[in-house]
Every structure is written in structure tokens, then in C-alpha cells.
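Coordinates in review
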Amino acid sequence: MKNIIVPIDFSEESLNGLDLAIVFANKHKCNIQMVYVIKHPYEIGKLNTEDEKKVATRAFEGLLKDYSPKMHDASKLEYIIKKGKIYKEIVHQAQAFEKSIIITSTHGASGFEELFIGSNALKIISSSDIPVITVRKELKSTDINNIVLPIDTTKETRQKVPLTIEIAKAFNAKIHVLAYTYTGIEEAEEKVSAYSKQACDFIKEHGVEFTLEHKSGSSMVKTTIDFAEKVNANLISIMTEQDDSLADLLLGTNAQQMLNKSPIPVLSVTPKDFFYKESFKTFGSGN
């Protein structure tokens, strides 16, 4: 993790993402780039492009003054103003950097446009293979102490393990592995148990403290959130469950519900056919 991209629309809600980004930047000693996107073409009755850019620039200068002192290095916080489709410009900006991650609020209201972060957070996640951390509410903690890692029956469920480990090591956090099966589906328990054991073995190999708990229920989202609140989690790590058969902007139901309902920040990882860690290359890509 070298660069963190933070979509900003200057609302108090959108700054929740910046608060969390600073927590991560200070642990990883990385850069933060705040991004505001001017929609094009602008609507009748709205500020014209140049005026909007001037107002955004003044607002960003205010944020630099307030937030730079909170950074491990004040020069590592910067901003950029772009023009175009919001989610596309955010993703393009993240892709322009090596080892980047996006951290964003899922709620926000711009002073220049209609609600923009709330309507674009899912699009940002769906249209990128870059990890995204979303936050709905004001941070309860300025640290990451406990991370919940739900494991289900999908082979992709294990692909989030390497990044989760990386974050846990940076914060010296504990990973709580949640082996989840839907109530009444007994044949799934064997697969989930096997996947959970693989995940735990890999976490142990990397020297990260962890727990393992098996749970079943009718809603994976509710079960996961309830468990996360029980262990005082500061982060939930999930896969995005994208459906390529329909569109590149569609998330699975569980992912959408988790992003919309979780009071705890959520790390969303896009499924891949391979992994960046050599020792983990086939982990989760097969049966």
C-alpha cells in the first residue's frame, strides 16, 4: 500500500473517508490524494466549470490546513480536481498509481452537485480491481485492532486473505475468521470448514493472531455484522461478488447489503484468477 485515493465532495459525511485514510496512511507511511470530480457537462443552474474549480480549490486548501498536521508527513497529503464521470475518474486516478487503494465514505452530499459519493461508491467498487474500503459513519476508533474475515462456500472467498493479513500486520491487529454456512445446508459445512482451515493456516504462517468461529444463519450479512460488533471489530473484509454475466457495474446482493448496512468499515476485494503473492498463487482459485 503506497497510495490512498479518497473521493471528496466536501460534505461532513465524505470526510469520514479521509479520517480513515489518515489512519491507514500513518501506519503504512503512504500518500493520500483527495479527488474531487466536476461532472461534465454541468447542469443548467449549477456553477460553471471554472467557478466550480475555484470553489473546490479553496475548499481543498482548507482541508490541507486542517488535516496535514494529522499526517505522518504533511507533504504526503495532496489533492486533484478532475472532470468527467465521477466513478470513472476516481478509478482512473487510483490506477495511475502503484499499489493503490481507495478509501471512501458511502454517504455524502456535495455543495456543488447532488448526492455524489452515495450514488457512486458501489460503481467505484464494481468497476475496479483495486481494493476499496468504505465507511458509513464517523470512526469510533483511530486504530484497527480487530478484523472480521468471513469465509463462505465460494472458492473466491479466500482471495481476500493476503490483503487482510497485510493490514493486520501493519496495525498489529487480530483476525477473527468467521466460518459461515446458511442454516439447513449441511453439505456446505465441510467445504467451509476446509476453506477456513486453509485461511487460518495461512494467517498462522504469517505470524498474525487469529480466532476461528463457526456460525450459521439465514443472513450472512446480519450474522457477520453481529459477530463483528461482538468482537469490537474495526474492519470487515469481504469479496465483492461481481456478476460479469450481467454488467461490470453489478455487485452481489451480500456485498451491497454489507456496504449499505455495516456500521463498521468494509474492505471490498475484487475476485481475481491469480494472486500477487507467489506462495498464495493458487489459494482460492481452485477447489
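As a starting point, this report considers the structure included with it. (Residues numbered from 1 in each chain as written. Predicted model: local features only at pLDDT ≥ 70, side-chain atom pairs only at ≥ 80, totals over all residues. Heavy atoms only, no water.)

Taken as a whole and assessed by the stated rule, the structure comprises eight salt bridges. Of the charged contacts in the structure, one is a salt bridge between Glu-156 and Lys-155, with a shortest N-O distance of 3.5 Å. We classify Glu-156 as partly exposed; its relative accessible area is 26%. We note a salt bridge from Lys-222 to Asp-226, for which the minimum N-O separation is 2.8 Å. Taken together, the residues span about one helical turn, with Lys-222 and Asp-226 both in helix 7 (residues 220–230) at a distance of four residues. Judged by its relative accessible area of 37%, Asp-226 falls in the partly exposed class. One continuous salt-bridge network, built from bridges that share partners, spans Glu-213, Lys-215 and Lys-230. (Salt bridge = Lys/Arg side-chain N within 4 Å of Asp/Glu carboxyl O. Buried < 20%, exposed > 50% of the residue type's maximum accessible area, 1.4 Å probe, protein only. Helix = DSSP H or I, 4+ residues; strand = E, 2+ residues; numbered from the N terminus.)

Quick look at unusual backbone geometry now. Even without a glycine there, the phi angle at Phe-10 is positive, about 70°. Looking at the secondary structure, you find Phe-10 in the loop between strand 1 (3–7) and helix 1 (15–28). Of the residues examined, Phe-10 reaches a relative accessible area of 22% and is grouped as partly exposed. Positive phi, normally seen in glycine, also occurs at Asn-172, with a value near 55°. Inspection of the secondary structure puts Asn-172 in the loop between helix 5 (161–171) and strand 7 (174–182).

Time to look at helix 6 (residues 187–205). Given a rise of 1.5 Å per residue, 19 residues ought to cover 27 Å, and the 29 Å separating the end C-alpha atoms of helix 6 matches this to within 8%. Residues of helix 6 that are buried: Ala-188, Val-192, Tyr-195, Ser-196, Ala-199, Cys-200, Phe-202 and Ile-203. Down the axis of helix 6, the smallest arc covering the buried residues is 160°, so these residues share one side. Of the exposed residues in helix 6, the ones pointing more than 90 degrees away from its buried face are Glu-187, Glu-190, Lys-197, Lys-204 and Glu-205. Taken together, the buried residues of helix 6 touch strand 6 (146–151), helix 5, strand 7 and strand 8 (210–217). Gly-207 sits one or two positions beyond helix 6 and adopts a positive phi of about 70°. (Expected span 1.5 Å × (residues − 1). Arc of directions from axis to C-beta. Contact = heavy atoms within 4.5 Å.)

Note that Thr-134 resides in strand 5 (residues 132–135). Every residue in contact with Thr-134, bar those within four places of it in the chain, is listed here: Thr-104, Thr-106, Ile-125, Leu-259, Pro-265 and Val-266.

What follows concerns the environment of Lys-39. Tracing the sequence through the fold places Lys-39 in the loop between strand 2 (31–38) and helix 2 (49–67). Owing to a relative accessible area of 25%, Lys-39 belongs among the partly exposed residues under this scheme. Separated by 43 residues in sequence, Lys-39 and Lys-82 have C-alpha atoms that sit 8.6 Å apart.

With the rule as written, the count across this model stands at five aromatic pairs. Relative to Phe-171, the ring of Phe-24 has its centre 5.1 Å away and its plane inclined at 70°; by these criteria the two rings are edge-to-face. You can see Phe-24 sitting in helix 1 and its partner Phe-171 sitting in helix 5, a full 147 residues away along the chain. Each member of the pair Phe-24 and Phe-171 is classed as buried. Grouping aromatic residues by their ring pairs yields a cluster made of Phe-10, Tyr-36, Phe-60 and Tyr-79. The ring of Tyr-67 carries the charged tip of Lys-70 above its face, separated from the ring centre by 4.3 Å. (Phe/Tyr/Trp six-rings, centres within 6.5 Å; stacked < 30°, edge-to-face > 60°. Lys NZ or Arg CZ within 6 Å of the ring centre and 35° of its normal.)

All right, on to the nonpolar core then. Counting 52 residues, the largest nonpolar core has Ile-4, Leu-18, Phe-24, Ile-32, Met-34 and Ile-167 as the members making the most contacts within it. Leave out the neighbours within four places in its chain, and Leu-18 touches Val-6, Ile-8, Ile-32, Met-34, Tyr-67 and Leu-77. Residues Ile-86, Tyr-87, Phe-227 and Ala-233 belong to the second largest nonpolar core, which totals 28 residues. (Core = buried A, V, L, I, M, F, W, Y, C linked by side-chain atoms within 4.5 Å.)

As a further point, take the environment of Ala-179. Note that Ala-179 resides in strand 7. Dropping the residues within four chain positions of it, Ala-179 is found in contact with Ile-151, Val-192, Ser-196, Leu-212, Glu-213, His-214 and Lys-215.

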